[in-house]
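Fold and contact review
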Amino acid sequence: MKKILLLGQSLLSPQYETLEKSLPDFGASGDVIMIFTGMQEIAECIHATNRYQHLLAAFDAANIDTMTVDAFDLDEYLYANRDSEEDLYLTPTNAINPIISSVAMTRYKGNVFACIGYNRSAQSPKFQNVQPYAVNYLTSKSFGTKGLQREPINNPIGYRGLCHFMIGDQVYFQHIGEQRNIQSGQEGITFVVKDNPKWRVKIYDRPLYQFEVTKLKKFTEIVDDLPLTAIPLAVVYDEKDQPIGIVMRNFEGETINLKSFHQQINAETVAREIMKQVIAMQLYGIYHKDLAHNILCNFENCLAHVIDIDSTQYLNYPATTKSADKQNGVPIEFDNDLLFYHSIDLSYTMLTIMISAYMNPADLLGLYDDRGHVILDEDGKNYLREKAPHLARLVVAAYEEAIPASCAQQLAAINLDIKKRNEDYFNHVFAFNADEDEEDVKEEVVTSHQSNKEIEFPKLKLPFSLKKTNDTKKTDQVEHKVEKTEKKKTKEIFDYHKDEEEVVLPEWQKKILEIFLATAATSIEGETDEERWERFIKTGEYKKPLMYGIGCIVAIIVLLILFIFM
Amino acid sequence: MNELSSVEISEQIYRLENMKVGVMTNPRTPLCIILDLSGSMELYKDQIKSIVRQTVNHLKAVGKRYFTLIIIGIYRDRSRVLYFGELRDFDAEAFIGTLPLMCRGHSPLVSAFRKADTYLGEVMKACEVSKQICTIPFFFIVTDAKCTENTERYTGILKTLSEDMAYNRKIIVECVTSDNEDGVDFGGYKILMDQEDSEKTIINCMKALQLASSTDVDATNGPFDQVSRPPKNNRVAYGEYLSHILATNVLFYFNNLTGRDA
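So, here is what we can say about the structure in this document. (Residues numbered from 1 in each chain as written. Chains lettered and ligands numbered in written order. Predicted model: local features only at pLDDT ≥ 70, side-chain atom pairs only at ≥ 80, totals over all residues.)

Before going further, it helps to spend a moment on the overall build of chain A. When its secondary structure is counted, chain A shows 16 helices and 20 strands. Taking all 566 residues of chain A together, the buried fraction comes to 38%. Long-range contacts, defined as pairs at least 24 residues apart, comprise 70% of the intrachain contacts of chain A with a sequence gap of at least 6. (Helix = DSSP H or I, 4+ residues; strand = E, 2+ residues; numbered from the N terminus. Buried ≥ 20, exposed ≤ 12 C-beta atoms within 10 Å, placed from the backbone. Contact = placed C-beta atoms within 7 Å.)

It is worth spelling out the sheet that holds strand β14 (residues 254–255) of chain A at this point. Residue and element names in this part refer to chain A. In spatial order, the strands read β14-β16-β17; together these 3 strands make up an open sheet with antiparallel pairing. Each of the sheet's edge strands pairs with one partner strand only, and the pair in question is β14 and β17 (303–306). As judged from the 2 bridges shared by β14 and strand β16 (residues 295–298), these two strands associate in the antiparallel manner. From the neighbouring strand, E254 faces β16, where its bridge partner is C297. The sheet strands contacting helix α8 (residues 267–283) are β16 and β17, and the helix crosses β17 at an angle near 35°. (Pairing = 2+ DSSP bridges. Axes fitted to C-alpha atoms, helices over the stretch in contact; angles between N-to-C directions.)

Attention shifts here to unusual backbone geometry. Residues and elements named next belong to chain A. Cis rather than trans, the peptide bond between S13 and P14 has omega equal to 0°. Structurally, P14 is set in the loop between β1 (3–5) and α1 (15–29). Here C302, not a glycine, exhibits a phi torsion of approximately 55°, which is positive. Structurally, C302 is set in the loop between β16 and β17.

Turning next to the environment of E11 of chain B. In this structure, E11 of chain B sits in helix α1 (residues 6–17). Here the alpha-carbon distance between E11 of chain B and F84 of chain B, two residues 73 residues apart in the chain, equals 9.8 Å.

Packed helix pairs are specified by the crossing angle of their axes together with the interaxial distance, meaning the distance between the axes. All names here are of chain B. Relative to each other, helix α6 (residues 198–213) and helix α7 (residues 235–258) sit at 150°, their axes nearing to 8 Å. With respect to their mutual orientation, α6 and α7 come out roughly antiparallel. Crossing of α6 against α7: the hand is right-handed. Listed contacts from α7 to T201, N204, C205, K207, A208, L209, L211, A212 and S213 of α6 are L246, N249, V250, Y253, F254, L257 and T258. In terms of residue class, the contact of α6 with α7 is made up of 10 nonpolar, 5 polar and 1 charged. (Parallel < 35°, antiparallel > 145°, perpendicular 65-115°, else oblique. Left-handed = near helix turned anticlockwise from the far one by under 90°. Nonpolar A, V, L, I, M, F, W, Y, C, P; charged D, E, K, R; others polar.)

Paired through backbone hydrogen bonds, the strands of a sheet run either parallel or antiparallel to each other. Residue and element names in this part refer to chain A. Pairing is mixed in the open sheet, where 6 strands are placed in the order β3-β2-β1-β4-β5-β6. The open sheet has two free edges, formed respectively by β3 (65–69) and β6 (124–129), since each of these has just one partner strand. The sheet shows a mean angle of 35° between the axes of neighbouring strands, direction not considered. Bridging between strand β2 (residues 32–36) and β3 involves 5 bridges; their strand directions are parallel. Note that in β3 the partner of F36 across the bridge is V69.

Below you can see the structure in the form of structure tokens.
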């Protein structure tokens, strides 16, 4: 008898079909299917509730026993049962490497058999024990993302000439040099497609590797499944039919700013939308390594769009950029840059985003202690407990005790906190507005719970205003001190303790930047002067001109000496 | 096409058992290739030659590793051992030259599998006797999988292969065709021989195996307590450790280089 854990990604094709074919085998062996708490909500994130219900019925029909486990996610289950040594089987998955990463990071001792397909000759599912891989993942010199074959397959011609891409049956041509409003990024340039503002083209400024091109082509297979995400719609080719970029959906919105996100109206609701999108991406095999800089928010419509998908980790293809989300406070025991990005690391990134819906994370997350765990500010904790008690519970456990809170768990928590806020609001309304028709208000609140939508606040006679302001020193913000601890940093990570005001550069630094800002390579949209200066120093752009300058001066001096003595 | 007799095979096993092994002796990886040269494989002769050539050339380039090569050919309704010995002594071009001009006969894959299992087992036993460290074997199946035997006979074989894959006892690579809906599914890493880019895929696959086998990519002790490399004098533990690295690396490099999942 096997214990088989039902994964969220098994609700997607072709894993779902493989699972359906395997049910007679499971039924015959008397296997038990374990289902996560909150699986219904996970299915909702990928619009697979019908499939989920159908699957539950299929379990019944095949006489397969099911049980609900007290976990929201694979990582949570592995971590909670890490000492068990029991064999664990998983339903079909679309990517094995994140699972191996999870087994490695949670130190699960038992064998973990991932279902990697269906053997139609043997008419049984194919399982592979990934436990032996976990150990090597942690320690190999060149295994994992470090051991990638980086052989470029093209010779980009630069930002000029004609490029083309195909969507549906139609081929579209764009002349790169004639585009207006070209925006520079870290990997190349982007521009909105002429005559079709719904699309944006990205042209890389470096050669592409084979695995990248294969990954980009695979992305195009799921464009319709994630309509709010900037998934690559097609690969863009140059005049020599070399792949040079991608075309994706063009979204407008405000780039998320974690320091001031909580000041926005509907921040909680937008945070929840971000979480649903990230969960859906995760189930499709997309792990984003730079979320904090790549979410566009529309606060009026409560929408969020995750962008910069092309450089993410997808299925078994690693990310092409290093993780920039290093400010997520992940405990040191879960931090490993060599591995494929795993859901524990992602969950800490999402935790900072969820926190930012209620307060500036800098007011809560301090430096690392000697154990490699982030120290939480006491006042900040109390404030978060007051604002979002369910989320606060997860936050404290995640940072102080290094018990990860999966994205699904965080979604459940934020749902409860929104529900609680609505109930508190209802209680206020009921208490202060006895002359209002309480049945109408009550019904509206109940309806909003059922639909999980945020209710619209009616114009009410309240003794105080509930509307958030842009004033940073709000009355409902707790005044607190950030302790500057003298403890030795085991790992330097945070620069959230910078002042909230933007640092003003000295004049001489500004002058130097002005000279170099003339080239597109130096200029990135949205960067502050301070960030630009830091990058300027880090990338060493000053080195070449400095060397030339010194060289010229030395040459002049030598010539002068020779002239004098001759 | 030269078929080895049981005496010649026994001699090879004897040599392995009596090999002088010391602490500096490199580990051994057995490698078995089942070549289906039956009538239905006539279209894929070039691919068969390429597979043999690329496998041998890439694995010969792996340093600090012994490979025992076993080639079992299926031809004229019989399975025959065509080579049994050290990979470094094997001349791929000479071997290719001895292959029949035309593929003929049926595909008794079951007997070929049984032979392969038997001989792989004997190689590993010989390593136990000589105390040489031995990893899990590579197992190549080059066939269009259009079996001509009773499919029920395959049930036991497929069950064994399935368990071997699940428990990482073998690394199975099947070089098959895309139109094998009615054929046997062996459950291993797949290379499709009838695609336009099959030559490139074959080369990339062998490159993946070469990288995976290279002892340059073996793991070192890491920062976490439970990870440690066993001492070389613990032959069984070290062999298991190397086998795990081999299986892990194949998984990673196969996907990375061929763009295909397991």
